[in-house]
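Read off the chains here:
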Amino acid sequence: MARKTFQGRVGGEYSSPVEVPASDVALIVVDMQNAFLREEYSLGIAETQEPFAAAIPGTANLIAAARSAGVPVIYTRYAYLPGNEDQLSPTGRLEGTALSPRLVEGTVDIEIIDELAPEPGDIVLDKSRPSAFYGTRLEPFLTAKGIRSVVICGVTTNICVETTARDASQKGYKTYVVEDAVGEAELSRHWHALYTIEFLFGTVCTVADVQRSWGAPVTGVPGYPLKRGENVTNLAWLETAAS
């Protein structure tokens, strides 16, 4: 069988229905916070707002499907101690940039956006690193509830979503990442993250797959799938390689 390629994945060549477990499963909603999704707060950078906000409709549909099916809904919030005392100095492409007061516990910054607000019975976990498993009570909760599969949505695809998916897979959980309910600032990193997750760490599925598997009305996300062919063409590295 021919190996799946990145171009084929983004172009939708391998799309097929996915069955998602309906029992012993939890929905993890990653960092759908004011800071990432509302420009009036600390991370409100115009060029990142739109791709992050693209995750909102799909995430809302997943939360509704989970609640109707009795699937636990777990929210994570990126939150630092006052004074950002537990924030690491930027490295990699961000090395040398100054730390700024943001995502501080107790501020409006870290709250989940209103349209996705947690309800009584939902779990809200704060973290100060990309993975939802690092330094949190996520794994003890999953173990106590006998959960063996996780469905992941939220932001950002290439950082907190992917890191959480990798950790979930390494810990033995069946891992599903919902491609039309995640968002990333850079389109190339979004698609490369999904391709990488699907290669080894989990299954990439859609909102419609989850709704169907959990017995919810299948609405998917209006307007999705995106024009993937255009997305591929617009990736800078691919244009360079083709020239």
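See the structure printed just above.
Let me begin by describing the structure that accompanies this report. Keep in mind that this is a model prediction, so the values were computed, not measured.

**Some thoughts on the packing of aromatic side chains**
Taken as a whole, this structure holds three aromatic pairs when the rule is applied. Ring geometry for Phe-36 versus Phe-52: centroids 6.1 Å apart, planes at 75°, classification edge-to-face. With Phe-36 in helix H2 (residues 34–37) and Phe-52 in helix H3 (residues 46–53), this pair connects stretches of sequence that are 16 residues apart. The pair formed by Phe-36 and Phe-52 is uniform in burial state, with each residue classed as buried. A cation sits over an aromatic face here: Arg-148 above Tyr-173, 4.5 Å from the ring centre.

**Some details on the nonpolar core**
Ranked by size, the top nonpolar core spans 67 residues in total, and within it Leu-27, Leu-142, Val-151 and Trp-214 carry the most contacts. When residues no more than four places from it in sequence are discounted, the contact partners of Leu-27 are Leu-62, Ile-63, Ala-66, Val-71, Pro-72, Val-73, Ile-74, Val-151, Cys-153 and Trp-214.

**Let's talk about the packing of helix H6 (residues 157–170) against helix H7 (residues 187–201)**
Running from amino to carboxyl end, H6 crosses H7 at an angle of 5°, the nearest separation of the two axes being 10 Å. Relative to H7, H6 is oriented roughly parallel. When H6 is examined against H7, the residues Thr-157, Asn-158, Ile-159, Glu-162, Ala-165, Arg-166 and Ser-169 are found in contact with a partner set consisting of Arg-189, His-190, Ala-193, Leu-194, Thr-196, Ile-197, Leu-200 and Phe-201. Here the contact of H6 with H7 is built from residues that sort into seven nonpolar, five polar and three charged.

**Quick word on helix H4 (residues 55–69)**
For H4, built from 15 residues, the straight-helix expectation of 21 Å at 1.5 Å per residue is met to within 8% by its first-to-last C-alpha distance of 21 Å. A positive backbone phi angle near 75° is found at Gly-70, which sits one or two residues after H4.

**What about the pattern of salt bridges?**
The full count for this structure, using the stated rule, is eleven salt bridges. Measuring nitrogen to oxygen at the nearest pair gives 3.1 Å for the salt bridge that ties Lys-171 to Glu-139. Here the residue Lys-171 occupies a position in the loop between H6 and strand S5 (174–183), and Glu-139 occupies one in helix H5 (residues 138–144), the gap between them amounting to 32 residues. Within the structure, one salt-bridge network assembled from shared partners comprises Arg-67, Glu-119 and Asp-122.

**What to know about the state of the cysteines**
A full pass over the atoms with the stated rule returns zero disulfides. Left unpaired, Cys-205 is separated from the closest cysteine sulfur, that of Cys-153, by 9.9 Å. Look at Cys-205 and you get buried, because its relative accessible area is 1%.

**Re unusual backbone geometry**
Here Val-155 and Thr-156 are connected by a cis peptide whose omega angle stands at -5°. Within the secondary structure, Thr-156 is located in the loop between strand S4 (149–155) and H6. With a phi close to 50°, Asp-24 is a non-glycine residue in the positive phi region. Checked against the element boundaries, Asp-24 lands in the loop between helix H1 (6–10) and strand S1 (25–30). For Leu-103, which is not glycine, the phi torsion reads 55° and is therefore positive. Within the secondary structure, Leu-103 is located in the loop between strand S2 (73–78) and strand S3 (123–127).

The rules behind each value
- Along every chain, residues carry numbers that run from 1 in the direction the sequence is written.
- At least 70 in pLDDT is required for a residue's local features to be given in this predicted model, at least 80 for side-chain atom pairs to be given and counted, and no such filter applies to totals for whole chains, interfaces and linings, which use all residues.
- By convention in this description, side-chain values take in all heavy atoms of the structure and omit both hydrogens and water.
- The aromatic pairing rule takes the rings of Phe, Tyr and Trp, using the six-membered ring of Trp, and pairs them if the centres are within 6.5 Å, calling planes under 30 degrees apart stacked, those over 60 edge-to-face and the rest tilted.
- Labels follow the DSSP assignment, with helices taken as runs of H or I lasting at least four residues and strands as runs of E lasting at least two, numbered in each case from the N terminus.
- Each residue is placed in one exposure class: buried if its accessible area under a 1.4 Å probe, protein chains only, is under 20% of its type's maximum, exposed if it is over 50%, and partly exposed if it falls in between.
- Two limits define a charge over a ring: the Lys NZ or Arg CZ must be within 6 Å of the ring centre, and within 35 degrees of the ring normal.
- Residues grouped as a nonpolar core are buried Ala, Val, Leu, Ile, Met, Phe, Trp, Tyr and Cys residues, joined through side-chain atoms within 4.5 Å.
- In what follows, residue pairs with any heavy atoms lying within 4.5 Å of each other are defined as contacts.
- Each axis is a line fitted through C-alpha atoms, taken for helices only over the stretch in contact, and angles between the N-to-C directions span 0 to 180 degrees.
- Orientation is classified from the angle alone, with under 35 degrees giving roughly parallel, over 145 giving roughly antiparallel, 65 to 115 giving roughly perpendicular, and any other angle giving oblique.
- Three residue categories are used. Nonpolar comprises Ala, Val, Leu, Ile, Met, Phe, Trp, Tyr, Cys and Pro, charged comprises Asp, Glu, Lys and Arg, and polar comprises the others, including Gly.
- Any helix carries an expected span of 1.5 Å times its number of residues minus one.
- A carboxyl oxygen of Asp or Glu within 4 Å of a side-chain nitrogen of Lys or Arg is what we treat as a salt bridge.
- The term disulfide is used for any two cysteine sulfur atoms that are within 2.5 Å.

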